[in-house]
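Chain by chain, the residues run as shown.
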Amino acid sequence: MKPINKIWLNGKIVPLEKASFLNFHQGLNYGACVYEGIRFYKTKKGSAIFRLKAHLDRFFYSASVLNMDLGVTKNNFAKAIINLIRVNKATSGYIRPIAFYSEPKMGINIVGAKLTVMVLIWPWQDSLQKKSVKMKIVKIKRLDPATVDLKAKISGYYANGLLGFLEARRAGFDEPLFLDVKGFVAEGAVNNIFIIKNNILYTPKLKNILGGITRDSIIQIARDLKIKVYEKNIRPDFMRQADDIFLTGTGIELEYVTKIDRYFSKNSAPSPVFNALQEQYRKVVTGSVDKYKNWLTLIK
Ligand SMILES: Cc1ncc(COP(=O)(O)O)c(C=O)c1O
């Protein structure tokens, strides 16, 4: 069912067509939308997309969870992204594939609703992220795998992330740190967390978090650097004696955490383990480490 032709938009009554992307579509009303965030970097051999296959696997998986037929094969979608970068003459940046139910339709029944699939590109500096963040352990708990499929990246889930984000900001922190419903450390609003303690790397198990592709890359890179990695259930108290804590995500890469509530505070320089991981990650994404060349898709 379509709404009646005249709508109120930003203070004015305008024809529905003026807001073709804003009206009653289910992507907006019910979070019936899936998306990805992917980076591409300048390398010695030209620009390259980092872990395109893993991102497309997750994008297509997320779409399947919401019953979306993207109408394109993974292979052709990859080609379309490469072509879009070429057409935009971009050398490094951020890619956002997004698909959402976009029919002006009331009600939650998404079966058979029209789908819009888009890819957008932003320029993004290649420089190392030097920012650090202060996190608050928020009262609101992370989504639970008993209630949603956490392997999918579905927009509706981010209501949970946003509530935590606002709670953290109101208390004067930069970002939220979520615990799961059992009280174990889970993740940030849009990033995964790692703890370095006595030269060992710890990170929450996959069960209650999104399986970040940066998280996966860091685990592999650490193991190759002979740094031990444990995926385990982590209580907030475990962070008290940490040497470093950092976040991972496609956009932020590795981001240093200087404070977590009353559990962790760090004013001194990062440990050699953190520096080694950050440096190696940067080398990997820019194509300087042969072993990981298959993670890069060159834009030729
Ligand atoms: C909830 C959540 N956790 C973790 C991540 C980090 O994932 P990735 O490293 O694949 O960007 C993201 C980012 O998409 C996220 O939304």
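What you see is a predicted model, and the numbers here were worked out from it, not measured in a lab.

### Thoughts on helix H2 (residues 52-65)
For H2, with 14 residues, the first-to-last C-alpha span of 20 Å sits near the 20 Å given by 1.5 Å per residue. Immediately beyond the C-terminal end of H2, within one or two residues, lies Asn67, with a positive phi of roughly 65°.

### Some details on helix H4 (residues 158-170)
Its 13 residues give H4 an end-to-end C-alpha distance of 18 Å, which sits within 8% of 18 Å, the value for a rise of 1.5 Å per residue. Every buried residue belonging to H4 is among Gly161, Gly164, Phe165 and Ala168, and all of these are buried. Projection of H4 onto a plane perpendicular to its axis shows the buried side chains occupying an angular sector of 105°, all on one side. Away from its buried face by more than 90 degrees, H4 exposes Ala159 and Arg170. Where the residues of H4 are buried, they touch strand E8 (132-137) and strand E9 (175-177). Count one or two residues on from H4 and you reach Gly172, which has phi positive near 90°.

### Some details on the nonpolar core
Among the nonpolar cores identified, the biggest contains 51 residues, and Leu177, Phe194, Ile245 and Ile260 are the most heavily contacted of them. Each of domain 1 (6-123) and domain 2 (132-287) contributes no fewer than three residues to this core. Ile260 has contacts with Met135, Ile137, Leu177, Met239 and Ile245, leaving out every residue within four places of it along the chain. Cys33, Leu66, Met68 and Ala99 belong to the second largest nonpolar core, which has 11 residues in total.

### So, the site of the ligand
Leu210, Gly212, Ile213, Thr214 and Thr250 are the nearest of the 14 residues found near the ligand. Of all elements in the fold, only helix H5 (213-224) and strand E13 (244-249) reach the threshold of two or more residues within the shell around the ligand. If one sorts the elements of the shell around the ligand by residue count, H5 sits on top with three residues. The residue makeup of the shell around the ligand, split by class, is three nonpolar, eight polar and three charged.

### Here we look at the domain arrangement of the protein
When the parts of a complex come together, some accessible area is lost, and that lost area is often taken as the interface size. Taken domain by domain, the protein comprises domain 1 (6-123) and domain 2 (132-287). Here the C-alpha centre of domain 2 lies 26 Å away from the C-alpha centre of domain 1. Counting only elements with at least two residues in the side of domain 1 that touches domain 2, the list comes to strand E3 (33-35), strand E4 (38-43), strand E5 (46-50) and H2. Per-element tally for the side of domain 1 that touches domain 2: the top contributor is H2, with six residues. A breakdown of the residues in the side of domain 1 that touches domain 2 according to their chemical character gives 14 nonpolar, five polar and seven charged.

### Observations concerning the pairing of strand E6 (residues 93-101)
Looking at chain direction, E3 and E6 are connected through three bridges and run antiparallel. Each residue of the ladder has a partner; that of Tyr35, found in E6, is Ile98. By the bridge criterion, three bridges tie E4 to E6 in an arrangement that is antiparallel. By the bridge assignment for E6, Ile38 is matched with Ile95. Judged from the nine bridges that link them, E6 and strand E7 (residues 115-123) form a sheet pairing that is antiparallel. Paired with Ala99 across the bridge in E7 is Val117.

Cut-off values and rules
Residues numbered from 1 in each chain as written. Predicted model: local features only at pLDDT ≥ 70, side-chain atom pairs only at ≥ 80, totals over all residues. Helix = DSSP H or I, 4+ residues; strand = E, 2+ residues; numbered from the N terminus. Expected span 1.5 Å × (residues − 1). Buried ≥ 20, exposed ≤ 12 C-beta atoms within 10 Å, placed from the backbone. Arc of directions from axis to C-beta. Contact = placed C-beta atoms within 7 Å. Core = buried A, V, L, I, M, F, W, Y, C linked by C-beta atoms within 7 Å. Domains from an automatic or database assignment. Near = placed C-beta within 6 Å. Nonpolar A, V, L, I, M, F, W, Y, C, P; charged D, E, K, R; others polar. Pairing = 2+ DSSP bridges.

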